[in-house]
Number of protein chains: 2
Amino acid sequence: MAKQHLDPAAGPVAGDTLEAYLQTQATEFLRALRQHRETGGSTASSGNGTEETVDAARALRRSARRISGTLHTFRPLLDTDWSEGIRPELAWLSGTLAREHAYAARLERLLGALNRLSGCSPIPAQTASEPRQEKSTLTVGAAKAGALLERQLTLARTRAHSAALQALGSSRFHAVADSVAVLASEVPLSPAATSAGLKPLAAAAEDRLTDAITALPLVSAGHPYNAEALVHGLSADPAPQPQDAPWHQVRLLLRLHRYALEVLYGTESPVDVRVLNAGQALDRHRDAAEAATAAASAARTPRIAPATAYALGVLHADQRHEVEAARFAFRQAWLRETVSTS
Amino acid sequence: MAKQHLDPAAGPVAGDTLEAYLQTQATEFLRALRQHRETGGSTASSGNGTEETVDAARALRRSARRISGTLHTFRPLLDTDWSEGIRPELAWLSGTLAREHAYAARLERLLGALNRLSGCSPIPAQTASEPRQEKSTLTVGAAKAGALLERQLTLARTRAHSAALQALGSSRFHAVADSVAVLASEVPLSPAATSAGLKPLAAAAEDRLTDAITALPLVSAGHPYNAEALVHGLSADPAPQPQDAPWHQVRLLLRLHRYALEVLYGTESPVDVRVLNAGQALDRHRDAAEAATAAASAARTPRIAPATAYALGVLHADQRHEVEAARFAFRQAWLRETVSTS
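All residue numbers refer to positions counted from 1 along the written sequence of the respective chain. As they are written, the chains are lettered A onward and the ligands numbered 1 onward, keeping that order. At least 70 in pLDDT is required for a residue's local features to be given in this predicted model, at least 80 for side-chain atom pairs to be given and counted, and no such filter applies to totals for whole chains, interfaces and linings, which use all residues. Excluded from the side-chain calculations are hydrogens and water; all other atoms, namely the structure's heavy atoms, are used.

Caption draft 1: Highlighting the interface of chain A and chain B. Whether two residues are in contact is decided by their heavy atoms: any pair within 4.5 Å suffices. Residue-level contacts link 36 residues of chain A with 36 residues of chain B. The largest contributions to the chain A side of the interface with chain B come from Y225(A), L234(A) and Y310(A), which together make up 30% of the buried area. Under the rule applied, a polar contact is a pair of N or O atoms within 3.5 Å (in protein, one hydrogen donor and one hydrogen acceptor; residues adjacent in sequence only if both atoms are side-chain atoms). Taken together, the links from chain A to chain B amount to ten residue pairs in polar contact (both at pLDDT 80 or more). The way it works is that DSSP assigns letters per residue, a run of H or I at least four long becomes a helix, a run of E at least two long becomes a strand, and they are numbered from the N terminus. Those elements that place two or more of their residues in the side of chain A that touches chain B are α3 (80-117), α9 (273-299) and α10 (306-341) of chain A. The biggest single contributor to the side of chain A that touches chain B is α10(A), with 14 residues. A breakdown of the residues in the side of chain A that touches chain B according to their chemical character gives 22 nonpolar, eleven polar and three charged. Buried area adds together the accessible area that both of two parts lose upon being put together, with accessible area traced by a 1.4 Å probe. Ten residues, namely Ala, Val, Leu, Ile, Met, Phe, Trp, Tyr, Cys and Pro, are considered nonpolar, four, namely Asp, Glu, Lys and Arg, are considered charged, and the remaining ones, Gly among them, are considered polar.

Here you go:
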């Protein structure tokens, strides 16, 4: 097992390193929050925020995830009551803020796929919100499927936007922001932080990751075109595919591992390419799986035309195919580096 | 370029070898025809023939294809008028006989895929004609899609069966059978057959094959999950995909190459594994492409339910995915052997 990441030469004591990392993230959180407020993120407009607001929301999620993940991995070094209290609140916040972006990205992915499947050139990201200009080259079914998805996902995005605004104005959010503000000036370390090291805890996080990866069906994922991701493509169960869950879990554990590396080596150190590529493959896995579910769910809309339903069926299968491709890419990324470095 | 197949130590002169091969195939044709008549192939029943009749029809097609292919590859060694006259007739015959089997196989492939996509165990071949017992585990859409495909492809198969019976009773067929009977006793060689060799003509057939393979998009086919086969999955053009044509052409040229090897080395010599695997991949490519077209075509049936259309869309994409997988498999089969033998 490659543990080379967890052997820094000699560093400051655990408490100092952890404190510095959490303070950096807390400061970043407060900076992003200020930027979000200044760029109009708190106005009640239901449309897209400006580019700056979107960036600020992303930065807010980014630091919330890092604080939450770090509190989890290095739990024994921190004041238990305090960290157990704030973690679910940070998860609630980043989940709430992520939803609007996720719906927008899902719509863009699905409209892009519809264009690709119609033999049209892929739509560039900046025109993703104006798909109508492309529709002349789509079949009736593809155009109607696109319009249906646009309607459903735009509505979902608008609701998520309102929910995020409501969350940011809530007393629950203000309590989170206050806790983070405290964190920026003083990290509540446990007495253990002065004697125990960071490395065993980071190593334990890596072990949880490698154990979860070992349990993945990597052999079949390594056979291209194994047709596994579409095995329940027409099953009666409308719930998200249970076969995806272990991959989603590895995605979360990989993220915790990445944050633990940041704590040990600093946020400025270059990101491990293997971790980066593997993480991107798992992000694509998650995005494609959710897009496939959205297509299947749109197909259950009452009174749609058969041509619309057909296009949604093709789209669903295409995205499940992407799920399978992402698993293949994850395996390539993960095993290639293991082979070349061990 | 590997020409190792085309270097037999020393054989009989071209005319003798070619004559022996064509006579063997002609004899086989006549034997299969007799068997087909004896096992009830000429009765006007519209259902399946018996297993023997099916075997006899397959043997008839098999020898008709070999005679036709050999006449093509070794054209300069044969009486031109005679071979130009009989080739289109043999092609008509094998095409007519192949259709019934093709519809049956297509239905079996599509029902198998519907079961797989519903998370059911694959149906064994012998129960393919009784899919109803499986339907309880299918969604309504998958079950209806299966029933629709069964209706359409069974009707097509029944028509193909009648057309084949009609063909076998026609004076056109009797003229073909008479020509083949002549071939069994005397092959009309050209004067060139005594001096020219078989090898240059077989080599020319192999060159046509390798040229056609060189023109294939093998680089993209070598990237798993290149998503190329589904690029026109929703295009407005209902015609079979033009991107498939060069692959179908290679399939035919590979078959001509295989028959030329049989002429040179005899039908008893072991088949080149590379040629065999590559040919099987291209058969799968053709079958999946035609199944995808059948699913798309069924989805254009008026007044079907959206759930049926959705299932047919998933099925279409699944089969186009199979097309892509078959291209990948062809490339693996073809390049692997080139690398290991050259």
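Caption draft 2: Region of interest: helix α1 (residues 14-38) of chain B. Residue and element names in this part refer to chain B. In this scheme, a helix's expected span is set at 1.5 Å multiplied by one less than its residue total. Across its 25 residues, α1 extends 36 Å between first and last C-alpha, which sits within 8% of the 36 Å expected from 1.5 Å per residue. For α1, the full list of buried residues reads A14, G15, T17, L18, Y21, L22, Q25, A26, F29, A32, L33 and H36. Positive backbone phi, approximately 90°, marks G40, located one or two places after α1. Exposure categories follow from relative accessible area, calculated using a 1.4 Å probe and restricted to protein chains: below 20% of the type maximum is buried, above 50% is exposed, and the middle band is partly exposed.

Caption draft 3: The arrangement of the relation of the copies chain A and chain B in detail. When the copies are superposed, the least-squares fit takes in the C-alpha atoms of residues with a pLDDT of at least 70 in both. Rotating chain A by 180° and translating it 0.0 Å along the rotation axis places it on chain B, where the RMSD comes to 0.0 Å. In short, the pair behaves as if placed about a two-fold rotation axis. An overlap of 100% is found between the interface residues of chain A and their copies at the interface of chain B, pointing to a shared contact surface.

Caption draft 4: Spatial organisation of unusual backbone geometry. Residues and elements named next belong to chain B. For Y225, which is not a glycine, the phi torsion comes out positive at approximately 60°. Positionally, Y225 belongs in the loop between α7 (218-222) and α8 (245-265). The class for Y225 is buried, based on a relative accessible area of 10%.

Caption draft 5: Main features of the packing of helix α4 (residues 140-168) of chain A against α9(A). All names here are of chain A. Axis angles are defined between N-to-C directions and span 0 to 180 degrees, where every axis is a line fitted to C-alpha atoms and, for a helix, only to the segment in contact. Remark: α4 packs on α9, axes separated minimally by 10 Å, with the N-to-C direction vectors making an angle of 105°. With respect to α9, the axis of α4 lies roughly perpendicular. Note on element contacts: α9 touches α4 through A294, A295 and A298, opposite L148, L149 and Q152. Class assignment for the residues of the contact of α4 with α9 results in five nonpolar, one polar and no charged. Angles are sorted into four bins: roughly parallel if under 35 degrees, roughly antiparallel if over 145, roughly perpendicular if 65 to 115, and oblique for all others.

Caption draft 6: Seen up close, the environment of A177(A). All names here are of chain A. Tracing the backbone through its elements, the reader meets A177 in helix α5 (residues 171-185). We classify A177 as buried; its relative accessible area is 10%. Sequence-distant contacts of A177, that is, excluding residues within four places in its chain, are made with F29, L30 and L33.

Caption draft 7: Highlighting the packing of aromatic side chains. Side-chain rings of Phe, Tyr and Trp (the six-membered ring for Trp) are treated as a pair once their centres are within 6.5 Å; stacked means planes under 30 degrees apart, edge-to-face means over 60, and tilted covers the remaining angles. For the coordinates displayed, the defined rule picks out seven aromatic pairs over all chains. Ring centres of F330(B) and W334(B) lie 6.1 Å apart, and the angle between their planes is 10°; on these two criteria the pair is classed as stacked. With F330(B) and W334(B) both in helix α10 (residues 306-341) and four residues apart, the pair spans about one turn of that helix. A relative accessible area of 0% places F330(B) in the buried class. Directly above the ring of W334(A) sits R274(A), whose terminal nitrogen or CZ lies 3.6 Å from the centroid. In this analysis the charged atom, NZ for Lys or CZ for Arg, is taken to sit over a ring once it is within 6 Å of the ring centre and within 35 degrees of the ring normal.

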